[in-house]
Amino acid sequence: MTHAPAPPSQPSPIPPFGAFCLYWLRLGLTSFGGPAGQIAMMQSELVDRRRWIDQTRFLHALNFCMLLPGPEAQQLATYIGWRQHGVRGGLVAGGLFVLPGALVLLALSWIAAAHGDTGLVGALFDGIKPAVVAIIAAAVWRMGRRTLKGPAAVAMAAAAFLALFTLHLPFPLVIGAAAVVGGVAAHTGRHWFAHPHPLSEGEATTLEEPAPRPGRLLALAGLFALLWAAPVGAVLLAFGSDPWRGIAALFTKAAFITFGGAYAVLPYIAGQAVDTYGWLSPREMVDGLALAETTPGPLILVTQYVGFFAGWNHPGVLSPALAGLLGAALTTYVTFLPCFLFIFAGAPYVERLIHNRLAAGALAAIAAAVVGVILNLGVYLGVAVLLPDGQTAGHLIWSWAIMLAALYALTRRNAAIHWVVAGGAAAGLFQALAASSL
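Draft legend 1. Examining the environment of Gln431 more closely. Here Gln431 shows up in helix 18 (residues 417-437). Along the primary structure Gln431 and His395 are separated by 36 residues, whereas in three dimensions their C-alpha atoms are 8.6 Å apart. When near neighbours in sequence (up to four residues on either side) are disregarded, Gln431 contacts Gly394, His395 and Trp398.

Draft legend 2. Local environment of the packing of aromatic side chains. All told, the structure shown has 16 aromatic pairs when counted by the stated rule. Plain terms: the ring middles of Tyr23 and Trp52 are 5.7 Å apart, the flat faces sit at 75° to each other, and that makes the pair edge-to-face. In this pair, Tyr23 is assigned in helix 1 (residues 17-30) and Trp52 in the loop between helix 2 (34-49) and helix 3 (55-67), connecting sequence segments 29 residues apart. Arranged with centres 5.3 Å apart and planes meeting at 85°, the rings of Phe256 and Phe342 form a pair that is edge-to-face. Highlighted residues: Phe256 in helix 10 (residues 244-257) and Phe342 in helix 14 (residues 320-346), separated in sequence by 86 residues. A residue is classified by how much of its surface remains accessible, and Phe342, at 14% relative accessible area, is buried. Put simply, the rings of Phe17, Phe20, Tyr23, Trp24 and Trp52 touch in pairs and so form one group of aromatic residues. Between the NZ or CZ atom of Arg88 and the centre of the ring of Phe17, over which it lies, the distance is 3.8 Å.

Draft legend 3. Geometry of the packing of helix 3 against helix 4 (residues 72-115). Close contact between helix 3 and helix 4 brings their axes to 9 Å; oriented N to C, the two are set at 135°. Classified by the interaxial angle, the pair formed by helix 3 and helix 4 is oblique. Crossing hand, helix 3 versus helix 4: right-handed. In this structure, helix 3 contributes Arg57, Phe58, Ala61, Leu62 and Cys65 to the contact, and helix 4 contributes Glu72, Gln75, Leu76, Tyr79, Ile80 and Arg83. In terms of residue class, the contact of helix 3 with helix 4 is made up of seven nonpolar, one polar and three charged.

Draft legend 4. Expanded view of helix 12 (residues 282-293). Taking 1.5 Å per residue, twelve residues should reach 16 Å; helix 12 reaches 17 Å between its end C-alpha atoms and fits that length. Among the twelve residues of helix 12, ten are classified as buried, and the element is accordingly described as predominantly covered. Along helix 12, the residues that are buried comprise Glu284, Met285, Val286, Asp287, Gly288, Leu289, Ala290, Leu291, Ala292 and Glu293.

Draft legend 5. Highlighting the side chain of Asp287. Looking at the secondary structure, you find Asp287 in helix 12. Side-chain polar atoms of Asp287 contact the side chain of Lys129, separated by 3.1 Å. Residues within four places of Asp287 in sequence aside, it is in contact with Phe125, Lys129 and Tyr305.

Draft legend 6. Representation of the pattern of salt bridges. Counted under the stated rule, the structure contains six salt bridges. A salt bridge links Glu45 to Arg49; the shortest N-O distance between them is 2.5 Å. Placement of the pair is Glu45 and Arg49 together in helix 2, with a separation of four residues, close to one helical turn. For Glu45, the salt bridge identified is with Arg50, shortest N-O distance 2.7 Å. Each of the salt bridges in this network shares a partner with another, and the network as a whole consists of Arg26, Glu45, Arg49 and Arg50.

Draft legend 7. Main features of the nonpolar core. The biggest cluster of nonpolar side chains holds 131 residues, and the ones touching the most others in it are Trp24, Met42 and Tyr263. With sequence-adjacent residues up to four places away left out, Trp24 is seen in contact with Met42, Leu46, Ala77, Ile80, Ala93, Leu96 and Phe97.

Draft legend 8. Spotlight on the environment of Thr147. Among the residues examined, Thr147 registers a relative accessible area of 17% and is labelled buried. With 217 residues separating them along the chain, Thr147 and Ala364 place their C-alpha atoms 8.0 Å apart. Ignoring sequence-local partners within four residues, the contact set of Thr147 consists of Ala153, Ala367, Ala368 and Val371.

Definitions and cut-offs
- Residues numbered from 1 in each chain as written.
- Predicted model: local features only at pLDDT ≥ 70, side-chain atom pairs only at ≥ 80, totals over all residues.
- Heavy atoms only, no water.
- Helix = DSSP H or I, 4+ residues; strand = E, 2+ residues; numbered from the N terminus.
- Contact = heavy atoms within 4.5 Å.
- Phe/Tyr/Trp six-rings, centres within 6.5 Å; stacked < 30°, edge-to-face > 60°.
- Buried < 20%, exposed > 50% of the residue type's maximum accessible area, 1.4 Å probe, protein only.
- Lys NZ or Arg CZ within 6 Å of the ring centre and 35° of its normal.
- Axes fitted to C-alpha atoms, helices over the stretch in contact; angles between N-to-C directions.
- Parallel < 35°, antiparallel > 145°, perpendicular 65-115°, else oblique.
- Left-handed = near helix turned anticlockwise from the far one by under 90°.
- Nonpolar A, V, L, I, M, F, W, Y, C, P; charged D, E, K, R; others polar.
- Expected span 1.5 Å × (residues − 1).
- Polar contact = N/O pair within 3.5 Å; in protein donor to acceptor, adjacent residues only side chain to side chain.
- Salt bridge = Lys/Arg side-chain N within 4 Å of Asp/Glu carboxyl O.
- Core = buried A, V, L, I, M, F, W, Y, C linked by side-chain atoms within 4.5 Å.

Encoded structure:
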């Protein structure tokens, strides 16, 4: 006896706002594992279990967020929130995705600034840093296997690495050049980096969004310009220009060019924060990346750590702790404000944008270039951690051993990142205790 197939299940009604808020708070507290893990958690909970959004819209939203600069998991959360409860839903979902990790990282930043040179904390960092180098090496390997599918993509990655490592070209220029090459190639029918995936007629009929009212984008741009200028101007008027003007300028610019995730833009931020502004040392920059790997939320929160140290080391009329708090808050605000702008401005156009051939070609070329950009970050941190000046042979051997063990755990055992970081911290503590007992 045969049975007729069951009809496809329908999405549940819009969830009550209270339950909606509690879900995003819980996700914000548990969203370890980087964007892949965070997106998988949303897929499992929101599509498969709760059915707050259907699979097709979820995937289209994810593809749209990957076209944007900024953390795609946080922007995906903002988009889903917008679909369910409008602007307030987007603000709640995107904000709660970031807030718990930001508070945890703020506490860790204070510990690093106030006690980072003490024996115990220093030992923990000494073990975490090689693990972070392994995390970046594993990211290069995984992204390279997924992205570099042809000679053009390999050449783009190599060119991006050489442009940054050898020629020291600005990061925005490298990303912009990749986008132009990919877009022009796609426009002329040369699918060197991506092949078009046209929307089927059935999907177009089902998912086509109504056209927004004229002038909507202009009004949104004006609103967000005001929301940026008012708090930044208030800080500058109250506390002067240094380091607050540099914080606002650097991290606003970074928010608009963070294609390919935090690893891609970190060399640019590190170069500006360490070499141009002198807010923190190379060692402190590596410590910040290590701490950001241990907290929930998007990795781009490492910018908050940089902003904290900018205030802590250049407090002006404030105490170091208060200046650090102000620097962290200002950094987080200008980093994530554009993320909400991108979603609220582009959400009504999702179905049109994700199938645009020029945009797909530009994004695919950027993805190839990002492999070279992340490799540049790995070399930058690897030299600082694995080949530092003034370290004993025993310390260097231990650092290399931690890095290789972490790399094996990530690439061969698929270990979660936060467990790898915890293992590195334990190894650093063990090394310090063993050295003190000799």
